[in-house]
Amino acid sequence: ADASFNKYWNQVTPENGGKWGSVGTSQDTTKWSWGGLDAAYNYAVNNKLLFKDHCLIWGQQQPAWISGLDSVQQANYLETWFRMIGRKYPKTDMIDVVNEPLSGHNPPDGGQGRANYKNALGGNGATGWDWVINSFKMARKYLPSTKLLINDYGIINSNTATTSYLTII
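Residues numbered from 1 in each chain as written. Predicted model: local features only at pLDDT ≥ 70, side-chain atom pairs only at ≥ 80, totals over all residues. Heavy atoms only, no water.

**A closer look at helix α3 (residues 35-46)**
Rules: Numbering of helices and strands runs from the N terminus, with a helix taken as a DSSP run of H or I at least four residues long and a strand as a DSSP run of E at least two residues long. Expected helix span is computed as 1.5 Å times (number of residues minus one). Burial here depends on accessible area, computed with a 1.4 Å probe over protein chains only, as a share of the maximum for the residue type. Under 20% is buried, over 50% is exposed, and the range in between is partly exposed. By definition, the arc is the one covered by directions from the helix axis to the C-beta atoms. In this description, contact between two residues means that some pair of their heavy atoms is separated by no more than 4.5 Å.
Taking 1.5 Å as the rise per residue, α3 with twelve residues should run 16 Å; its terminal C-alpha atoms sit 16 Å apart, in good agreement. Of all the positions in α3, only L37, A40, Y41, Y43 and A44 are classed as buried. The arc enclosing the buried residues of α3, seen along the axis, measures out at 160°, which places them on a common side. In this structure, the buried residues of α3 make contact with α1 (5-8), β1 (11-12), α2 (20-23), β2 (50-57) and α4 (71-88). A positive phi of about 55° marks K48, the residue just after α3.

**With respect to the sheet that holds strand β3 (residues 94-99)**
Defined as follows: Strand pairing requires that DSSP identify at least two bridges connecting the strands.
Spatially, the four strands line up as an open sheet ordered β1-β2-β3-β4, and their pairing is parallel. With one partner strand each, in any of the chains shown, β1 and β4 (147-151) form the two edges of the open sheet. In this sheet, β2 lies alongside β1 in parallel orientation, the contact comprising two bridges. Note that in β2 the partner of V12 across the bridge is F51.

**A word on the environment of H54**
If you trace the backbone, H54 turns up in strand β2. Among the residues examined, H54 registers a relative accessible area of 9% and is labelled buried. It is 7.6 Å that separates the C-alpha atoms of H54 and N16, two residues lying 38 residues apart in sequence. The residues contacting H54, other than those within four sequence positions of it, are T13, P14, E15, G18, K19, D96, N99 and N151.

**A closer look at the packing of α4 against helix α5 (residues 130-142)**
We apply this condition: Angles shown run from 0 to 180 degrees and are taken between the N-to-C directions of axes, each axis being a line fitted to C-alpha atoms and, for helices, limited to the stretch in contact. With the far helix as reference, a near helix turned anticlockwise by less than a right angle produces a left-handed crossing, and one turned clockwise produces a right-handed crossing. Only Asp, Glu, Lys and Arg are considered charged in this grouping, and only Ala, Val, Leu, Ile, Met, Phe, Trp, Tyr, Cys and Pro are considered nonpolar; every other residue, Gly among them, is considered polar.
Running from N to C, α4 and α5 point in directions that differ by 35°, and their axes come no closer than 8 Å. In the packing of α4 onto α5, the handedness of the crossing is right-handed. When α4 is examined against α5, the residues L78, E79, F82, R83 and G86 are found in contact with a partner set consisting of S135, M138, A139, K141 and Y142. Looking at the contact of α4 with α5 residue by residue, the classes come out as five nonpolar, two polar and three charged.

**Some details on unusual backbone geometry**
Negative phi is the rule for most residues except glycine; trans is the rule for most peptide bonds. For the bond from H54 to C55, the omega torsion is 0°, close enough to zero to count as cis. Its location among the elements puts C55 in strand β2. Its identity is not glycine, yet E15 carries a phi of approximately 50°, on the positive side. Counting through the fold element by element, E15 comes out in the loop between β1 and α2. Backbone geometry at Q61 places phi at a positive 50°, although glycine is not the residue there.

Geometric values such as these leave the question of function open.
Written out as structure tokens, the structure is:
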């Protein structure tokens, strides 16, 4: 990192280094690639900066192998992903639990080349957003003192997006 970074910024976000697609390059969890995430986390902690991870659930940049598994196997890997993040990075200040969940954006529903594991998280369920709710429940379980966030785009310039977002919240 640039020596003057912490003079100008108060937060570190690993961006792609924090995404499951970058970390979970193999079904063998002992071969997961934590280097980028470790570097960002350690820099934040060592320099007393906020650490915001991005992101746990997103239809894009997820492991290529996840969609080919059945829902039970997917659920087991998802739980492992959340648990490992919680154990390895206990001082995470904030995390985007779900990124771009709105229909037509990037939910993990298998559409438009996205990962397909939404049903392993409960699918739409009774609320229409059970998969999002269950993602947050699991995040709270493994990241008990982290601020949990949801993220999406186009919220302020689309009434449909705003209404959907408010329904989730």
